[in-house]
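So the chains spell out like this:
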Amino acid sequence: MRPEQVTEVMHDPLAQELLHSAIPARMAYNGTDGNPRVIPVGFLWKNERIVVCTASNAYKVKALAANPKVALTIDTDAQPYRALLVRGTASVEIVDGVPSEYLEASRKSLNDEQQFRAFEAAVRSLYKQMARISIAPEWAKVLDFETRLPSAVEQLMSPDDSAGS
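Throughout what follows, the structure given in this document is the object of discussion. If you're wondering where the values come from, they're calculated on a predicted model, not measured in any experiment. (Residues numbered from 1 in each chain as written. Predicted model: local features only at pLDDT ≥ 70, side-chain atom pairs only at ≥ 80, totals over all residues. Heavy atoms only, no water.)

What follows covers the overall build of the protein chain. Helix and strand counts for the protein chain come out as six helices and seven strands. By principal-axis analysis of the C-alpha atoms, the protein chain measures approximately 70 × 40 × 25 Å. Put simply, 70% of the contacts in the protein chain that link residues at least 6 apart link residues at least 24 apart. Total accessible area on the protein chain stands at roughly 9,600 Å², and carbon and sulfur atoms take up 53% of it. (Helix = DSSP H or I, 4+ residues; strand = E, 2+ residues; numbered from the N terminus. Contact = heavy atoms within 4.5 Å. Areas by Shrake-Rupley, 256 points an atom, 1.4 Å probe, with all protein chains shown as cover.)

Helical geometry note: an α-helix holds 3.6 residues per turn, so side chains three or four residues apart project in the same direction. Inspection of helix α4 (residues 100-107) places Glu101, Tyr102, Leu103, Ala105 and Ser106 among the buried residues, and these make up the whole buried set. In the core, the buried residues of α4 are packed alongside β3 (44-46), β4 (49-55), α5 (113-126) and β7 (129-143). (Buried < 20%, exposed > 50% of the residue type's maximum accessible area, 1.4 Å probe, protein only.)

All right, on to the environment of Phe116 then. With respect to the helices and strands, the residue Phe116 is situated in helix α5. Considering only alpha carbons, one finds Phe116 and Met130, 14 residues apart in sequence, at a separation of 19 Å. When sequence neighbours within four positions are dropped, the list of residues in contact with Phe116 reads Leu103, Arg107 and Leu110.

A few words on the pattern of salt bridges. Throughout the structure, instances matching the rule amount to 11 salt bridges. A salt bridge links Asp33 to Arg37, with the shortest nitrogen-to-oxygen separation between them at 3.1 Å. By relative accessible area, which is 25% here, Arg37 ends up partly exposed. Among the salt bridges present, the one from Lys46 reaches Glu101, with a minimum N-O distance of 3.4 Å. Highlighted residues: Lys46 in strand β3 and Glu101 in helix α4, separated in sequence by 55 residues. A relative accessible area of 27% places Lys46 in the partly exposed class. When salt bridges that share partners are traced, they join Arg107, Glu113, Arg117, Glu120 and Arg124 into one network. (Salt bridge = Lys/Arg side-chain N within 4 Å of Asp/Glu carboxyl O.)

Another aspect to go through is the nonpolar core. Membership of the largest hydrophobic core comes to 27 residues, with the highest contact counts inside it found for Met10, Ile50, Leu84 and Ile135. Mapped onto this core, the elements with two or more residues apiece are α1 (3-10), α2 (13-19), β1 (25-30), β4, α3 (59-66), β5 (69-75), β6 (83-96) and β7. Look past the residues within four positions of Ile135 in its chain and what remains in contact with it is Met27, Arg49, Ile50, Val52, Val70, Leu72, Gly88, Thr89 and Ala90. Ranked by size, the runner-up nonpolar core spans 11 residues in total, among them Cys53, Ala55, Val98 and Tyr127. (Core = buried A, V, L, I, M, F, W, Y, C linked by side-chain atoms within 4.5 Å.)

Strand order in the open sheet formed by seven strands is β2-β1-β5-β6-β7-β4-β3, and the pairing between neighbours is antiparallel. With partners counted over all chains shown, the strands left at the sheet margins are β2 (36-41) and β3, one partner each. Averaged over all adjacent pairs, the angle separating strand axes in this sheet is 35°, with direction ignored. Across six bridges, β1 lies against β2 in antiparallel orientation. Opposite Ala25, over in β2, you have Val41 as the bridge partner. Docked against the sheet, α1 engages β3, β4, β6 and β7, running at close to 95° with respect to β7. (Pairing = 2+ DSSP bridges. Axes fitted to C-alpha atoms, helices over the stretch in contact; angles between N-to-C directions.)

Following this line, the structure appears as C-alpha cells:
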C-alpha cells in the first residue's frame, strides 16, 4: 500500500473516531518463540503513529526488538461493527519515568479528574522506566460493515463475470 493511501485511510472520519476512542487496540505480534500473540493495549494516536507504552521489562518489548512487525485492530462490539485494521513496524524506546503518551492514552478511559490524578500518582511511583512503542502504519483498512466490507465478502457479493460465459 502506498504511503498516501495509508494516510488517506488513517484520516478517514471513522478511523479518526476509532483512533481517538477509549476502545483498546488489539495488537498482534510474534513472540520470541515464534508463536503469534494478540493482546489488548491502550494507545494514543500521535504524530501519524500509534503509540503504546508498557513496562520496560514486558515480554512484548523483547519480542518487538527481535521482530518489529505488528498488526492492530481497533473495533466496536455492537452491530454494525466498525473496525480499523492496521499493519506496521514498531520501534521501541526505553524512557525514564512515565511517558506523557501513557498518561494521555489512560486519560481516554478515566474521565473523573480525581480518579485520573490518583492513577497518575500510582503509575509514577511504580515505573522508573517504561517502553514507548511507536507504530508506523504501512497498511490500513476501515470497515463499517455497511458500505465497506472485508474484501472476501465484497468478492462474494460481486457478480462473477465468468458465470454467464
